[in-house]
Amino acid sequence: MLPSKKYLINIGVAILLLLLQINTIYIEINGISPDFLVIFVVVIALIEGQFTALLTGFLVGILFDFLGNEITGTNALTLMLSGFVAGYFFVEEKSFQESIGIPRFLIALGISSIIRSVIYQVFHISPTDSKDIVYLLTSLLGSTIYTLSFGLILMLIAARKKE
């Protein structure tokens, strides 16, 4: 695949996922929604490597910050760090199927999702918030499990052998 075609596909997927992430209200469960952007960044990390994932996380995050009503820079920071961490799971010369269709993808996704959630909560909790630790843990674990469930679907699709 030509590099320019690959990048155009990645940009198209990123835009679609940004729009999907903005509209996750339709699939929320008790205010918890899956994080499609962290899934995208982890996929990029496992296919392209750490630096590309770091850059992708920053760019997708800053776009999401500008499109949403967020503190500017928090999504850019958290997605960039998620890409950096997921990049440690990168193995060169692996195809999409070999990178995403194995449990290592879910491990990288789980760790990245937890890191993103923890840092995101740090920026969005004020000292006067009445949210307790049970709420924060429920939110963190709920979001991670919900994101992992979509990651599992992607992993199973990628794991299917082509005949």
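Up top you'll find the structure we're talking about.
All values reported here derive from a predicted model rather than from experimental measurement.

Definitions and cut-offs
- Residues numbered from 1 in each chain as written.
- Predicted model: local features only at pLDDT ≥ 70, side-chain atom pairs only at ≥ 80, totals over all residues.
- Heavy atoms only, no water.
- Helix = DSSP H or I, 4+ residues; strand = E, 2+ residues; numbered from the N terminus.
- Rg over C-alpha atoms; globule rule 2.2 N^0.38 Å.
- Buried < 20%, exposed > 50% of the residue type's maximum accessible area, 1.4 Å probe, protein only.
- Contact = heavy atoms within 4.5 Å.
- Areas by Shrake-Rupley, 256 points an atom, 1.4 Å probe, with all protein chains shown as cover.
- Lys, Arg positive; Asp, Glu negative; His and termini not counted.
- Charge placed at Lys NZ, Arg CZ, Asp CG, Glu CD.
- Patch = residues over 30% accessible without salt bridge, like charges linked within 9 Å, V, L, I, M, F, W, Y side chains within 5 Å.
- Salt bridge = Lys/Arg side-chain N within 4 Å of Asp/Glu carboxyl O.
- Axes fitted to C-alpha atoms, helices over the stretch in contact; angles between N-to-C directions.
- Parallel < 35°, antiparallel > 145°, perpendicular 65-115°, else oblique.
- Left-handed = near helix turned anticlockwise from the far one by under 90°.
- Nonpolar A, V, L, I, M, F, W, Y, C, P; charged D, E, K, R; others polar.
- Expected span 1.5 Å × (residues − 1).
- Core = buried A, V, L, I, M, F, W, Y, C linked by side-chain atoms within 4.5 Å.
- 1 Å grid on protein atoms, 1.4 Å probe; cavity = no way out; pocket = protein on both sides within 12 Å on 5 of 7 lines; lining within 4 Å.
- Points joined across faces, edges and corners; volume = space filled by probe spheres on them.

A. Geometry of the overall build of the chain. Looking only at helices and strands, the chain has seven helices and zero strands in total. Ordered by position from N to C terminus, the α and β elements of the chain give α-α-α-α-α-α-α. Compactness check: the chain gives a C-alpha radius of gyration of 16 Å against a globular reference of 15 Å for 163 residues, within 12% of the reference. C-alpha extents for the chain along the principal axes are approximately 55 × 30 × 30 Å. Expressed as a percentage of its 163 residues, the buried residues of the chain come to 37%. Taking as baseline every contact in the chain between residues at least 6 positions apart, the subset at least 24 positions apart corresponds to 70%. Surface exposure of the chain reaches about 9500 Å², of which carbon and sulfur atoms provide 69%. In the chain, which carries 9 positive and 11 negative side-chain charges, the distance between the mean positions of the two groups comes to 11 Å.

B. Expanded view of a nonpolar patch on the surface. Side chains of Tyr-7, Leu-8, Ile-11, Ile-15, Leu-19, Ile-22 and Leu-67 sit close together on the surface and give an oily, nonpolar patch of about 690 Å² of accessible area. Ranked by residue count, the leading element in the nonpolar patch is helix H1 (residues 3-22), at six residues.

C. Representation of the environment of Ile-27 in the model. As for its placement among the helices and strands, Ile-27 is situated in the loop between H1 and helix H2 (36-48). Given a relative accessible area of 31%, Ile-27 falls into the partly exposed group. On a C-alpha basis, the gap between Ile-27 and Ile-145 in space is 14 Å, while along the polypeptide they are 118 residues apart. Apart from the residues lying within four places of it in its own chain, the contact partners of Ile-27 are Ile-32, Pro-34, Phe-36, Tyr-146 and Phe-150.

D. Structural detail: the packing of helix H6 (residues 103-124) against helix H7 (residues 133-159). It is at 9 Å that the axes of H6 and H7 come closest, and there the two elements cross at 150 degrees. Comparing their axes, H7 and H6 come out roughly antiparallel. The two elements H6 and H7 cross, and the hand of that crossing is right-handed. Contacts from Pro-103, Phe-105, Leu-106, Leu-109, Gly-110, Ser-113, Ile-114, Ser-117, Val-118 and Gln-121 in H6 reach Leu-136, Ser-139, Leu-140, Ser-143, Thr-144, Thr-147, Leu-148, Gly-151, Leu-152, Leu-154 and Met-155 in H7. Its residues assigned to classes, the contact of H6 with H7 shows twelve nonpolar, nine polar and no charged.

E. Quick look at the pattern of salt bridges. In the structure shown here, the tally under the stated rule is two salt bridges. Close ionic contact of Glu-48 with Lys-6 constitutes a salt bridge, the shortest N to O distance being 3.3 Å. Placement of the pair is Glu-48 in helix H2 and Lys-6 in helix H1, with a sequence separation of 42 residues. With a relative accessible area of 23%, Glu-48 lands in the partly exposed category.

F. Structural view of H6. End to end, H6 covers 31 Å across 22 residues, agreeing with the expected 32 Å (1.5 Å per residue, within 8%). Listed as buried for H6 are Arg-104, Phe-105, Ala-108, Leu-109, Gly-110, Ser-112, Ser-113, Arg-116, Ser-117 and Gln-121. The elements touched by buried residues of H6 are H2, helix H4 (74-86), helix H5 (96-100) and H7.

G. View of helix H3 (residues 50-67). The end-to-end C-alpha distance of H3, which contains 18 residues, comes to 25 Å, matching closely the 26 Å that a straight helix rising 1.5 Å per residue would cover. Along H3, the residues that are buried comprise Ala-53, Thr-56, Gly-57, Val-60, Gly-61, Ile-62, Phe-64 and Asp-65.

H. Representation of the nonpolar core within the structure. Counting 25 residues, the largest nonpolar core has Leu-37, Val-42, Val-60 and Phe-105 as the members making the most contacts within it. When residues of this core are traced back to their parent elements, those giving at least two are H1, H2, H3, H4, H6 and H7.

I. Fine view of the layout of surface pockets. Estimated volume of the largest pocket: approximately 740 Å³. If you trace the largest pocket, you find 27 residues lining it, with Gln-21, Gly-31, Ser-33, Glu-70 and Tyr-120 closest to the centre. Listed by contribution, the elements that provide at least two residues to the lining of the largest pocket are H1, H6 and H7. Tallied by class, residues from the lining of the largest pocket come to eight nonpolar, 14 polar and five charged. Lining the second largest pocket are 16 residues, with Asn-10, Val-13, Phe-40, Val-43 and Phe-96 sitting closest to its centre. Elements with a minimum of two residues in the lining of the second largest pocket: H1, H2 and H7. The dominant element in the lining of the second largest pocket, judged by the number of residues it contributes, is H2, at seven residues. Looking at the lining of the second largest pocket residue by residue, the class counts come to 13 nonpolar, one polar and two charged.

Such coordinate-based values are descriptive only and should not be taken to indicate function.
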